[in-house]
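# Fold and geometry: a report
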Amino acid sequence: MQAVVRNYKARDYKSEVKPIWCPGCGDYTVLNAITRALAELALPPHEVAIISGIGCSSRIPAYTSVYGFHGVHGRALPVATGLKLARPDLTVLVTGGDGDGFSIGGNHFLHACRRNVDLTYIVMDNQVYGMTKGQASPTTAPDWEGSKLTPEGTGINPFQPLVIGLASGANFIARVSSSDPVNMAQIIVEAVRHPGFSLVQVLSPCVTFRPDQAVWRDFVRTAEVDCTDDAARAARRLMTDDGFNVGKVLFKGSRAPYRPEFERSNGSIADLESRFML
Amino acid sequence: MTTHSVSLVIAGSGGAGVVTAGSLLLNAAAKTGWYALMSRSSGPQIRGGEAATMLRFATRPILSQDDSFHLLMAIDWDNIGRFSAEIPFTGNSLIVGDPAHGPCPAALLAAQPRQAALALTDIAEKIEGGRPNMVALGAIAAMIGLPPQAMQTVVEQYLQRKGPAAIDASMAAFHAGFAAAADLPAIPKLPAIAAEKEPRWSITGNEATGLGILRGGVRFVAAYPITPATEILEWLAPSLAKVGGVLVQAEDELSSINQIIGASYGGVPAMTATSGPGLSLMVEALGLAVAAEVPIVVVDAMRVGPSTGIATKSEQSDLNIAVYGMHGDAPHIVVAANSVADCLFTSQWAVHLAESMQTPAIVLTDQSMGQSRAILPRPTPFTFSGQRITAPAAGEGEGEGERYQRYAVNGSGISPMAIPGTPGLAHTADGLEHNPFGTPSSQASDHQAQLDKRSRKLTQFNYANHWADIVDTDAGPGDIAIITWGSSTGPALEALQRFSATGGKARLISLRLIAPAQPDRMAAALAGVTRVLVIEQSHSGQFYRMLRAFYDLPRETLSLHQAGPLAFGPGRILEQLNSWSV
Amino acid sequence: MNKTQTDGTEIQTVPQLLAHALALETEASERYGELADQMETHRKTAVAALFRRLEVAEKQHLADLTALCKGVELPHYAPWDFKWRSKECPETIDIGRVSYQLSVRDAVLLALEHERRATQFYTDVANSAHAPEVIALARQFAQEEREHSAWLESCLAECSAADSTASEDPDPPLSQE
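Source: prediction; values computed, not measured. (Residues numbered from 1 in each chain as written. Chains lettered and ligands numbered in written order. Predicted model: local features only at pLDDT ≥ 70, side-chain atom pairs only at ≥ 80, totals over all residues.)

### Describing the overall build of chain A
Across its full length, chain A carries 9 helices and 11 strands. In terms of overall size, chain A behaves like a compact globule, its C-alpha atoms giving a radius of gyration of 20 Å where 278 residues would be expected to give roughly 19 Å. Projected onto its principal axes, the C-alpha positions of chain A cover 70 × 50 × 40 Å. Taken over 278 residues, chain A has a buried fraction of 56%. (Helix = DSSP H or I, 4+ residues; strand = E, 2+ residues; numbered from the N terminus. Rg over C-alpha atoms; globule rule 2.2 N^0.38 Å. Buried ≥ 20, exposed ≤ 12 C-beta atoms within 10 Å, placed from the backbone.)

In structure tokens form, the structure reads like this:
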């Protein structure tokens, strides 16, 4: 508890645009957690940007009162990288889903972790493509038969975002559940404050295409581990957990963020031109 | 052959030093006061492949490579036949080869050029540390009139770090070759001229492109390496750092274009450079930049396509993807540089256009101009006054208290852009169709209004006389026009000069602004023209078809098009002009 | 997690109680408004109207409370530092428990459950507080929550018992982006 006057309320970070998400969707909770976190961080809305790609969860920027960019499918991380490197003064968050981040945007995910730009990436993982009517995503279980596209299931093991994020160099790794918005807000605050690339996986059920995920709220449990800075230890935990340990920061690294300086080194365009002169 | 220029090829396998020899010769020519154009061709190997350096020297600025070469200096014959189509000869040409490597391959002898032998290896072996390529340089210098002192200065600079012994050995080999050339048949010789006659630059098209980008104000570049655009990015990396900018190497082209969109959304002018395969990957994001109205510049140094094609050779065949590549109705800017020097102007102009109109601009250059080095008159500096129109912080401008409309529909179609960090104007830029506030909308009326707006800003913009370079013969324009673009402009200009010298009348129109089309300006430029010759380097006549789609051309319009890497020489174009003027 | 499961024993001063009450009413009114918006977006007008009425009622409650807080220096609590027994404020309906076909009756039941939780929260505070002014204020707040519950109970009486949340939708979901 701090005795400071807070200038911002969570609602100051919400726009007038009404979400089109299905009632009951976990993404509403994520939106609330983000706005609560920003209020707690007391960041002026115009100094924050939220970047997204395509998908239900990628609609978040328009629902906020901060600067937003809603780009194309899978490319939120590069847009955010360019923005943060060009404007290090801004606080940049990235929101999106499992398909956007781990399938079409998979390569950018690897390299965003590796590059370690000071970004906070919040992935709403519902193990399904919602905008296109419920196809298997990279995190879907191999035997899920709910899609006409893969009626026998995909037969492919799911992508492990946190393990892969860790191996690729993410500097902060956490898993939260949309059933605990207050905890989520707390983790997001930590993620934003931690330098470098912060990855927050949110178990966010899809009420329309994955009604079976309603049980997640009962499955999830607060992870019985403390945060570690030891990547090998974090890897062992993440490799062996069942994906329902939530509510904690699971790894915090100390790698310096990638931040090329825009320092002018006493040069001018005239100097550059003079080198072509004979 | 006119004697104001001399054209030669130095060829040999990798390790023979033909690329180095070419550079030394170019630099020595610069010291002599000449103008020069150097291009190269090579095999697919990273090391050790066959290579050829093509050079043209002249006492006045050079527009293109000549129709044929006066001299081939072959260090060896290894695989040289692969280049035979790219190095045309006549019966007057001279092929000089080293007997130690056997006879000249038949593939080079179709035009029955003269042949001579020069024992490069034997001469070099007699000098400690001597190399055949330096012997060859000496012979070339003697044959074309290059003073040895010019080469001395250049070699001293080049071998400075290796010490005086290396310099002496190289120059000994050079002088031995110089002396040996006395026995060789003659080729045209150039006079030495005063080096300080006018300020000159030594620059490649790729360097000029990078410089234009910086002069335009770009301070963020995301880069993924690709031939033949890489040198633009390699030049920009240290140069940006000197002027307070940043270059980031991206994981792929999808990332590089989306990174520059992010940086530009943040208010920092941004660009990337690529070639055809990379441009193909960037097309979706180009559409995003159109819809979200984010200014970016993408340079496409074209190479032979489709697919991986021939990565090291030139073709003007990305015109279609640049103009039509995006899905939906996506008005954007396409500009094309038409010479090594013009890479500077056109890329700087492109930044100005993109920033002023908040839209992507594609700059088309190609391998030929990008990787050619030219000694040319110092380009005239120029500035463009227009820049990005940004929105003032809430309460500081008009419409105080009203909600900010990022995509306000107005007369110019250009709506002031709020840069993140500006209080009170936060909004979401969107690739989804949107209303003026940026809120996603699927309504027909919003779609129509935004399409109109995005189209209007491009059609109403004043491109001034930069849309094309127009050159007339000395006797006036006449009723013939050549319409061309990009690297085909050089040979066409030289053809026009030769045509003019014989009293011919014609006009050359080199289109710099490929999109949007300028039908009124073209109609004015074609007033009185009854015959049009369209020149381009593409197999399907992409440029000709684009002209047909957007412009009224006379009934008698002839399309001269051929696939890369071969280019139309001035002679072939002149032939057509002559056939029309009789 | 540094959240302490509590029965309210840690709320011992009027500013602490007011800070909790303010958060509770703020979040309840915002959540009801959010749910009303969601239901309007999905053309569920009857249930949207119910949530809107609850939002209005909570906003009135919030206005009264804000007036009460005037001049009082309230402590700052981060969202996770409040002394609730639940994951969010007791009066705030869990988003995960609504669905787009939520019936009015089930919505009333859900709201009732949360109003009763709010009553319980204030009752717990009153029972564990030591200062008489805190006890009195907590009892007053509990009573106000009871009035909301009473109103909801009257709404429930008007609902048909058959008005249940549908589990099937005659129309398929639509594709978007």
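### What to know about the overall build of chain C
Summing up its helical and strand segments, chain C has 4 helices and 0 strands in all. Ordering the α and β elements of chain C from the N terminus gives α-α-α-α. With respect to the three principal axes, the spread of C-alpha positions in chain C is 55 × 40 × 30 Å. For chain C, the proportion of its 177 residues judged to be buried stands at 39%. At a minimum sequence separation of 6, the contacts of chain C that also span at least 24 residues come to 79%. (Contact = placed C-beta atoms within 7 Å.)

### Focus: the interface of chain A and chain B
On the chain B side, the residues contacting the 45 residues of chain A number 52 residues. Counting only elements with at least two residues in the side of chain A that touches chain B, the list comes to strand S1 (48-52), strand S2 (67-70), helix H2 (76-86), helix H4 (106-115) and helix H9 (269-274) of chain A. When residues of the side of chain A that touches chain B are assigned to their parent elements, the largest contribution, 8 residues, is made by H2(A). In terms of residue class, the side of chain A that touches chain B is made up of 24 nonpolar, 13 polar and 8 charged. Judged from the 3 bridges that link them, S2(A) and strand S15 (residues 428-430) of chain B form a sheet pairing that is parallel. Bridged to His70(A) within S15(B) is Asp430(B). (Nonpolar A, V, L, I, M, F, W, Y, C, P; charged D, E, K, R; others polar. Pairing = 2+ DSSP bridges.)

### Focus: the confidence of the model for chain C
Residues and elements named next belong to chain C. On average, residues of chain C carry a pLDDT of 91, and 95% of them reach 70 or more. Predicted confidence is poor over residues 1-7, with pLDDT under 50, and the contacts of this stretch with residues over four places away or in other chains come to 12 contacts. Among the prediction metrics, the complex's ipTM stands at 0.97, with pTM recorded as 0.96. (pLDDT = per-residue confidence, 0-100.)

### Things to note about the sheet that holds strand S4 (residues 71-74) of chain B
Residue and element names in this part refer to chain B. Taken together, 8 strands build an open sheet; the order of strands is S6-S5-S4-S1-S3-S2-S14-S7 and the sheet is mixed. Edge positions in the sheet fall to strand S6 (114-117) and strand S7 (200-204), since each has one partner strand and no second. Strand-to-strand, the axes of this sheet are offset by a mean angle of 20 degrees, without reference to chain direction. Note that strand S2 (residues 35-42) and strand S3 (residues 50-58) share 8 bridges and pair antiparallel. Bridge pairing links Leu-37 to Arg-56 in S3. The strands touched by helix H3 (residues 132-144) within the sheet are strand S1 (5-13), S3, S4 and strand S5 (94-97), with S4 carrying the most contacts at an inclination of about 165 degrees. (Axes fitted to C-alpha atoms, helices over the stretch in contact; angles between N-to-C directions.)

### Topic: the pairing of strand S3 (residues 91-97) of chain A
All names here are of chain A. Counting buried positions along S3 gives 6 out of 7 residues, so the element sits mostly inside the fold. Sheet topology places S1 next to S3; 5 bridges connect them, and they run parallel. Across the sheet, the residue bridging to Ser-52 is Thr-95, located in S3.

### Considerations on the arrangement of the chains
By number of contacts, the leading pair among the 2 pairs of chains in contact is chains A and B. Taking C-alpha atoms as the reference, chain B and chain C come no closer than 9 Å and do not contact one another.

### Digging into the environment of Tyr551(B)
Residues and elements named next belong to chain B. By the secondary structure assignment, Tyr-551 is in the loop between helix H16 (542-550) and strand S21 (556-561). Sequence separation between Tyr-551 and Ala-523 is 28 residues; the distance between their C-alpha atoms is 7.8 Å. If we ignore the near neighbours within four places in the chain, the residues touching Tyr-551 are Ala-517, Pro-519 and Met-522.

### As for the packing of helix H1 (residues 14-41) of chain C against helix H2 (residues 45-69) of chain C
Residue and element names in this part refer to chain C. Two numbers describe how H1 lies on H2: the axes approach to 8 Å, and their chain directions differ by 155 degrees. Overall, the two elements H1 and H2 adopt an arrangement that is roughly antiparallel. Like other packed secondary-structure pairs, H1 and H2 cross with a definite hand, here left-handed. Class assignment of the residues belonging to the contact of H1 with H2 gives a composition of 16 nonpolar, 4 polar and 6 charged. (Parallel < 35°, antiparallel > 145°, perpendicular 65-115°, else oblique. Left-handed = near helix turned anticlockwise from the far one by under 90°.)

### Some words on unusual backbone geometry
Cis geometry marks the peptide bond from Thr227(B) to Pro228(B), where omega comes out at 0 degrees. Assignment of secondary structure puts Pro228(B) in the loop between strand S8 (220-223) and helix H7 (230-242). Cis geometry is found at the peptide bond from Ala515(B) to Pro516(B), where omega equals 0 degrees. By the element assignment, Pro516(B) lies in the loop between strand S19 (513-515) and helix H15 (519-525). Although it is not a glycine, Lys133(A) adopts a positive phi angle of roughly 80 degrees. Mapped onto the secondary structure, Lys133(A) falls in the loop between strand S5 (128-129) and strand S6 (135-136). Notably, Ala464(B) is not glycine yet its phi reads approximately 50 degrees, a positive angle. Tracing the chain through its elements places Ala464(B) in the loop between helix H13 (444-459) and strand S16 (468-472).

### Focus: the packing of helix H1 (residues 18-31) of chain B against helix H4 (residues 148-158) of chain B
Residues and elements named next belong to chain B. Contact pair H1 / H4: the axes reach a minimum separation of 8 Å and the direction vectors enclose 130 degrees. As summarised for this structure, H1 and H4 are arranged oblique, according to the angle between their axes. Handedness of the crossing formed by H1 with H4: right-handed. In contact with Leu-24, Asn-27, Ala-28 and Lys-31 of H1, H4 contributes Ala-150, Met-151, Thr-153, Val-154, Val-155 and Tyr-158. Partitioning the contact of H1 with H4 into residue classes produces 7 nonpolar, 2 polar and 1 charged.

### Description of the pairing of S7(B)
Residue and element names in this part refer to chain B. Judged by how many residues are buried, S7 sits mostly within the fold: 5 of 5 residues are covered. In this structure, S7 lies alongside strand S14 (residues 373-377), joined through 5 bridges in antiparallel fashion. Counted as the bridge partner of Arg-200 is Pro-377 from S14.

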